[in-house]
Amino acid sequence: MPELAFSRRAAMRGLGAAGLLAALTGCGVPAAYVPETRREGRDRSEHDRRVSFSNWPLYIDTDDEDESRRPTLDAFSEKTGIEVRYTEEINDNDEFFGKVSPALMNHQETGHDVLVVSDWMAARFVHLGWAQKMDRSTQGNVAKYLDPQLRSPAFDEGRLHTVPWQSGITGIAYNRKALGREIRSVEDLWQPDLAGKVTLFSGLDESFSLLMQGEGVDVTRWTESDFHRMCDRVESMVKKKHIRRFTGNDYTSDLSKGDVLACQAYSGDVIQLQADNPDIEFVVPEEGAELWAESLLIPNLARHKANAEALVDYYYDPAVAAELAASVNYVCPVPAAREVLAASDDKETAELAENPLIFPDEEMRKRLVVSRDISSAERAPFAKRWNALVGL
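Keep in mind that this is a model prediction, so the values were computed, not measured.

Student: How should I be thinking about the pattern of salt bridges in this particular structure?
Tutor: Any two side chains of opposite charge can pair if their charged atoms end up close together. Evaluation of the coordinates by the stated rule reveals 28 salt bridges. Note that R176 is salt-bridged to E182, the shortest N-O span being 3.8 Å. The structure contains a network of salt bridges with shared partners spanning R176, E182, R184 and E281.

Shown next, in the form of structure tokens:
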């Protein structure tokens, strides 16, 4: 399972890419934006059986005896004859955006055929016209098996340019035994017995949706006033010293040591925490929680587009998706993989099929929402206020 010291969702800090994007949107988007008709390059897939795949560290299955081997990728190459150049070079959404944006805005190749970024970052690629439309006629698995709740986010209606790699939930984790009561809603975080024992995420994109839901906001259509009302509540809790601190992925250490009793948390992390401490529980609040994804996309002028599309579709085979889910323990974007895991002869593997943090049940799904993303015009002023609150 991925190490708790690292989280893809928590790997966005500061305003590096926000500043760059603001500069682009100020007067340069017409020049930076690439229309659909100019995104494809000469596809070498048929004669050059290779594909370059860039991902985050610790985000794919590995062999138990040899961690340099990645069984699902090896099986793909054996099945298709396509050699995969796999690199774990994405350590931060903003940092990676800054690395590839000069080439993309100047209509040049990036050297990447397919890559994985968080959906709020994928939204930037889509809005700027830097992600190619995939040929769904060659992706039967994606068309058939993609989770219906992830099929049409606001930033990419119909999922024409992106496909979820893995998904997850931003909710609340807490130590039930130490707290001595249940947490059922975001409002429960603000009760007096949790004063100084609560942490929130410091990243704007990681935090805002759940906190707005706690204010009763429909986050599929939230407004500027909704955002500032949420910030007002957080600001009041900061002044009261109710919030212990704002964190990255180090919230897991605070919760494990008992320094905090409740916190914003990612579902994938909590699965690992529970292995060491069964008193830790994960809650999808009554008001709802954010269902997010990190998604695959094919950048403009990719040299091996057809090979990349084949790789994307391969991971939507339920058997392959099940193998990946059993390794990384995030919400699987292929619900049909649940049946594959349930049929496993290995007891621990079969039990994963019943874990709602990998395969949310219908009751949980009713409370999960894909939030609308922050627009480029909103990002700079919103980040300014949020970062002032959290001390970034």
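Moving on, there is more to tell.
Student: Explain the pairing of strand β7 (residues 262-266) to me, please; I cannot follow it from the model alone.
Tutor: Two faces make up the sheet, and in a regular strand the side chains alternate between them. The element β7 is extensively covered by neighbouring structure, given that 5 of its 5 residues are classed as buried. Neither face of β7 is left uncovered, since the one carrying A262, Q264 and Y266 and the one carrying C263 and A265 both have all their residues buried. By the bridge criterion, 5 bridges tie strand β4 (residues 162-175) to β7 in an arrangement that is antiparallel. Across the sheet, the residue bridging to G171 is A265, located in β7. Where strand β5 (residues 198-201) and β7 come together, 2 bridges link them in parallel fashion. Counted as the bridge partner of V198 is A262 from β7.

Student: Please clarify how the packing of helix α7 (residues 204-214) against helix α8 (residues 224-239) should be interpreted in this entry.
Tutor: The angle between the axes and the distance between the axes are what describe a pair of packed helices. α8 packs onto α7 with a crossing angle of 90° between their chain directions and a minimal axis gap of 10 Å. Relative to α8, α7 is oriented roughly perpendicular. Across the interface between the two elements, L204, F208, L211 and M212 from α7 touch D226, F227, M230 and V234 from α8. In terms of residue class, the contact of α7 with α8 is built from 7 nonpolar, no polar and 1 charged.

Student: So what exactly am I meant to see when it comes to the nonpolar core here?
Tutor: One broad rule of soluble globular proteins: the nonpolar side chains tend to lie buried together. The biggest cluster of nonpolar side chains holds 118 residues, and the ones touching the most others in it are F53 and W386. The residues contacting F53, other than those within four sequence positions of it, are L73, V84, R85, Y86, T87, V114, V116, W165, L296 and L311.

Student: Looking at this structure, how should I read the confidence of the model for the protein?
Tutor: Low pLDDT marks regions whose predicted coordinates should not be analysed in detail. Residues of the protein with pLDDT of at least 70 account for 92%, and the chain-wide mean is 92. Throughout residues 12-18 the model reports pLDDT below 50, and contacts reaching past four residues in sequence, or to other chains, amount to 25 contacts. Across residues 25-30, where pLDDT falls below 50, the model places 4 contacts with residues more than four positions away in sequence or in other chains.

Student: What am I meant to see in the environment of R385 here?
Tutor: One can find R385 in helix α16 (residues 376-390). If we skip the residues at most four places from it in the chain, R385 touches H228, C231, D232 and E235.

Rules of the game
- Residues numbered from 1 in each chain as written.
- Predicted model: local features only at pLDDT ≥ 70, side-chain atom pairs only at ≥ 80, totals over all residues.
- Heavy atoms only, no water.
- Salt bridge = Lys/Arg side-chain N within 4 Å of Asp/Glu carboxyl O.
- Buried < 20%, exposed > 50% of the residue type's maximum accessible area, 1.4 Å probe, protein only.
- Helix = DSSP H or I, 4+ residues; strand = E, 2+ residues; numbered from the N terminus.
- Pairing = 2+ DSSP bridges.
- Axes fitted to C-alpha atoms, helices over the stretch in contact; angles between N-to-C directions.
- Parallel < 35°, antiparallel > 145°, perpendicular 65-115°, else oblique.
- Contact = heavy atoms within 4.5 Å.
- Nonpolar A, V, L, I, M, F, W, Y, C, P; charged D, E, K, R; others polar.
- Core = buried A, V, L, I, M, F, W, Y, C linked by side-chain atoms within 4.5 Å.
- pLDDT = per-residue confidence, 0-100.

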